[in-house]
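Here is how the chains run, residue by residue.
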Amino acid sequence: MSWLILGLAGLVEIAWSQTIKPTANFTRLWPTVLCIVLGVLAVYLLARAMRTLPVGTAYAVFTGIGALGAITLGIVVHRDPVTAGRMLALSMILGGVVRRGSRIRSDRGRAVGSPPVNAAPVTAPLDDWVSRLADEAVAFAERNGTPVKVASGISPSGPIHLGNLREVMVPHLVADELRRRGLQVEHIISWDDFDRFRKVPNVPGVDSSWEQHIGKPLTRVPAPHGSDAENWAEHFRRELQGALEDLGVEYRGISQTQMYTSGAYVDQVLHAMAQRGRIDSILERYRTLDRGETPAADGNASETDTESDADAASGAAEEADGSGDSGYYPYKPYCSVCGTDFTTVTAYDDDSTELTYVCRCGHTETVILRDHTDGKLVWKVDWPMRWAFEKITFEPSGVDHQSPGSSFAVGKDVAPIFGWKRPLGPMYAFVGIRGMAKMSSSKGGVPTAAVALRYLEPPLLRWLYGRKKPNQSFDVALDGDLPRTYDEWDALVRKTAGDKAQPGDIAAHARAVSVLDTRSQQLRELPLTPRPVPYKTLASVVDITTGDDEQTLRILAALEPDQPLDELAPLRPRLDRATAWVAEQMPAEERTVVRSEPDAELLASLTDEQREGLRLLLEGSGTPAPAGLGRLEDDWTLAGITHQVYGVAKVQRGLGADQIVKGDKELAAAQRAFFVLLYRLLVSSDTGPRLPTLLLAIGVERVRALVSFQ
């Protein structure tokens, strides 16, 4: 639609150019009027096209069509001479228009490789679910003659968990893709802080005394003990805001408390009350779902709702819709005495806008609704109203909002009452934590984005949300499987650095490591660790050294002696994330505690074979490496220690220490038995970090002290 409008604007400009000369320097009335009208119309159509097309592209194509048409008409109608220069100009304009117009459709963004952003980044089309959703978002906006505007809704009713983060990341990724194409896109996050406080979650600093605040707006509930936030909503909102900044998410935040109490929605509230009969009839069709009936088809329905796997008894489905014994009223006032929404509207006069309500506390009051700003529309009306108010064209929602009879399904029919259409809204599936059930922030104690960023670098967390389609559920592993997440990420980085990466891999990596900065209009890379040592190795070293920087540097420098490491800075921020994970999340049974004294009882019970194995480890075989084994300290590097510990069992069986043996089950069993012996002598366990790393961390003198026998 935007391209059609732009083409029409160009044609009008051509017509306008032909009216300039007949005005006789604007001395003839009607030619002058026609010239002005066509000029204004051309600019108006251009402005309409620019709602969804980049300014530079739209203007270049607009002027190109005008110039092309003017030159052509000059030759055909006005008999202008056909010169080589004029024809060259004509062909250049035509080529530029075609090239510029086609580029925006083919350019899907940039894939950023290893070069920094201030160098020339590698560019390539990004082809994934984000690109396809972006195409749909543009098409939807064009059909409705409006710019693309994406939205997220977050209720700061408790810890804003990793499931809520998907509400933000899906529209963010779509907006970022469109910005990469050169489009102006706004991402709105609506902070639903005027919602009622429903129940007391199990979070630190909160006790049963908070039950007295149930039913009040979240912004009028005290923050947890020890918080410096002004209220409950601010306390939980601030944590997510900090995480979103780290994740590179650009947005405009809107406080619903501010919007309602400032009177911004007064006209919409009055309109909803005036249309309450119509709204009630729409909701009644969906209420029949609770009675097991089939709702009648609606004449306005042009889309088909897909039934999701959501729980029919979701929180959204149970939300009050404004119906009551005294009639249907979509407005819910907060009581002026007790401050809660345990109120019931008993009467309303459309002419005077007088509204009477009673509260559970016994208070009865009549207010003038056009002046009343201490209440809000019920959720199933409030959400469609805000779509219209902000002109939202794209907003995803969870499965609980898209089940039959829930708010998104109902919104399809309610939104037209406010002069809008339900936006494009893909359903997103749940996000879980490995080993935990479906998350709910009202239960408290669930990982938030800020918590996850203590252990995951921002690009990795972005990648987890970008690599899966919205309707695919996934888990975020913060337990013992977290190092595997890093291994998968490192494998992706290696793959994209080569030539075997699939389009989805390239897109997922590019979206994880960079965003389009709206201020500079340049791609901005998010911070990544310059020298990425495997996360599991870092965790093992930090675990053994208990975070001592000097010891950590000594061990990690020895891991790759051919790549000197003089400081820990190149290993950050990954090292810092691993340090936090070891201290806060590493399973207790996996923690490594090196013995302070030798295990005298175990050493005294050693068999002759075990004694020989320990002697070979410490003193060697008499044959130099690599065919034999030297003294343990002769090659005190990760490679040297690896050769030593794996070579003991080989030498005991008459093999060369460097001999490659495949399929020898007896040798493999002997190596495992020797490893178990070392673990028991060093850390009093049958398992632990990789032995070469463990020995390197402990140090040769302490290893000798713990495994030597008389």
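Let me begin by describing the structure that accompanies this report. The structure displayed is predicted, hence computed values, not measured ones.

Definitions and cut-offs
- Residues numbered from 1 in each chain as written.
- Predicted model: local features only at pLDDT ≥ 70, side-chain atom pairs only at ≥ 80, totals over all residues.
- Heavy atoms only, no water.
- Helix = DSSP H or I, 4+ residues; strand = E, 2+ residues; numbered from the N terminus.
- Buried < 20%, exposed > 50% of the residue type's maximum accessible area, 1.4 Å probe, protein only.
- Contact = heavy atoms within 4.5 Å.
- Areas by Shrake-Rupley, 256 points an atom, 1.4 Å probe, with all protein chains shown as cover.
- Pairing = 2+ DSSP bridges.
- Axes fitted to C-alpha atoms, helices over the stretch in contact; angles between N-to-C directions.
- Phe/Tyr/Trp six-rings, centres within 6.5 Å; stacked < 30°, edge-to-face > 60°.
- Lys NZ or Arg CZ within 6 Å of the ring centre and 35° of its normal.
- Patch = residues over 30% accessible without salt bridge, like charges linked within 9 Å, V, L, I, M, F, W, Y side chains within 5 Å.
- Salt bridge = Lys/Arg side-chain N within 4 Å of Asp/Glu carboxyl O.
- Core = buried A, V, L, I, M, F, W, Y, C linked by side-chain atoms within 4.5 Å.
- Parallel < 35°, antiparallel > 145°, perpendicular 65-115°, else oblique.
- Left-handed = near helix turned anticlockwise from the far one by under 90°.
- Nonpolar A, V, L, I, M, F, W, Y, C, P; charged D, E, K, R; others polar.

Looking at the overall build of the protein
- Across its full length, the protein holds 26 helices and 14 strands.
- Here the protein holds 710 residues, and the buried ones make up 49% of them.
- By sequence separation, contacts in the protein at least 24 residues apart represent 69% of the contacts at least 6 residues apart.
- A total of about 33,100 Å² of accessible surface is found on the protein, and carbon and sulfur atoms cover 52% of it.

Side note on the pairing of strand S6 (residues 354-359)
- In the sheet, strand S5 (residues 343-348) pairs with S6 via five bridges, with the strands oriented antiparallel. Note that in S6 the partner of Thr343 across the bridge is Cys359.
- Where S5 folds back on S6, the antiparallel hairpin that results is connected by five residues, among which Thr353 adopts a positive phi of roughly 60 degrees.
- By the bridge criterion, five bridges tie S6 to strand S7 (residues 364-368) in an arrangement that is antiparallel. Considered in S7, the bridge of Glu354 is made with Ile368.
- In this structure, the hairpin formed by S6 and S7 is closed by a connection of four residues, where Gly362 is found at a positive phi of approximately 105 degrees.

Quick look at the sheet that holds S5
- Across the sheet, which stays open at both edges, the three strands sit in the order S5-S6-S7 with antiparallel pairing between neighbours. Each edge of the open sheet is held by one strand with a lone partner, namely S5 and S7. Going from strand to strand, the sheet's axes swing by 30 degrees on average, the running direction of each strand aside.

Points about the side chain of Thr19
- Looking at the secondary structure, you find Thr19 in helix H1 (residues 2-19).
- On the basis of relative accessibility, which here comes to 10%, the residue Thr19 falls in the buried class.
- Setting aside residues up to four positions removed in sequence, Thr19 forms contacts with Pro31, Leu34, Cys35 and Leu38.

Some thoughts on the side chain of Asp176
- Within the fold, Asp176 resides in helix H6 (residues 162-180).
- Here Asp176 is in contact with Ser514, Val515 and Leu516, once residues within four sequence places are set aside.

Some thoughts on unusual backbone geometry
- With an omega of 10 degrees, the peptide bond running from Arg572 to Pro573 counts as cis.
- Along the chain, Pro573 turns up in the loop between helix H19 (549-559) and helix H20 (574-584).
- Cis geometry is found at the peptide bond from Ala625 to Pro626, where omega equals 10 degrees.
- A positive phi angle is found at Ala24, which is not glycine, with a value near 50 degrees.

With respect to the sheet that holds strand S3 (residues 252-255)
- Pairing within the open sheet is parallel, and its three strands lie in the order S1-S2-S3. For this open sheet the edge positions go to strand S1 (149-154) and S3, each flanked by a neighbour on one side alone. If you compare each strand with its neighbour and ignore which way they point, the axes differ by 25 degrees on average.
- Here S1 runs beside strand S2 (residues 186-191); their pairing, made up of six bridges, is parallel. Bridge pairing in S2 links Ile154 to Trp191.

A short note on the packing of aromatic side chains
- The full count for this structure, using the stated rule, is 16 aromatic pairs.
- Consider the rings of Trp191 and Tyr251, whose centres lie 6.4 Å apart with planes at 75 degrees: the pair is edge-to-face. Taken together, the positions of Trp191 in strand S2 and Tyr251 in the loop between helix H7 (232-246) and S3 put the pair 60 residues apart, joining distant regions of the chain.
- Accessibility expressed as a relative area gives 3% for Trp191, which makes it buried.
- On the numbers, 5.2 Å between centres and 90 degrees between planes, the contact of Tyr465 with Phe474 is edge-to-face. Taken as a pair, Tyr465 and Phe474 share a single burial class, namely buried.
- Members of the aromatic cluster, joined through ring pairs, are Phe194, Tyr260, Tyr265, Tyr334 and Phe389.
- The cationic tip of Arg360 hangs over the ring face of Phe342; the distance from NZ or CZ to the ring centre is 3.7 Å.
- Note that Arg467 overlies the ring of Trp463, its terminal NZ or CZ placed 4.3 Å from the centroid.

Brief notes about a nonpolar patch on the surface
- A grouping of Leu29, Trp30, Val33 and Val37 is seen on the molecular surface, where their side chains present a nonpolar patch of about 430 Å² in accessible area.
- As for its position among the elements, Val37 is in helix H2 (residues 29-49).
- Since its relative accessible area comes to 47%, Val37 is described here as partly exposed.

What about H20?
- Turning to H20, its buried residues are Arg574, Leu575, Arg577, Ala578, Ala580, Trp581 and Val582.
- Considering only its buried residues, H20 is in contact with helix H15 (458-466), helix H16 (482-497), helix H18 (535-545) and H19.

Digging into the nonpolar core
- Residues Leu162, Leu165, Leu456, Leu461, Tyr465, Val476 and Val707 are the most contacted members of the largest nonpolar core, which totals 87 residues.
- Sorting elements by how many residues they give to this core places helix H24 (residues 665-683) first, with eight residues.
- When near neighbours in sequence (up to four residues on either side) are disregarded, Leu461 contacts Leu165, Leu247, Ala449, Ala452, Leu453 and Leu456.
- With 43 residues, the next largest nonpolar core counts Tyr334, Cys335, Val414 and Trp420 among its residues.

What to know about the packing of helix H12 (residues 379-390) against helix H13 (residues 407-414)
- Relative to each other, H12 and H13 sit at 60 degrees, their axes nearing to 9 Å. One way to sum up the angle between H12 and H13 is to call them oblique. Judged by the sense of rotation from one axis to the other, the crossing of H12 with H13 is right-handed. Between H12 and H13, the contacting residues are Trp379, Lys380, Val381, Trp383, Pro384 and Trp387 on the first element and Ser407, Phe408, Val410, Gly411 and Val414 on the second.
- Class assignment of the residues belonging to the contact of H12 with H13 gives a composition of eight nonpolar, two polar and one charged.

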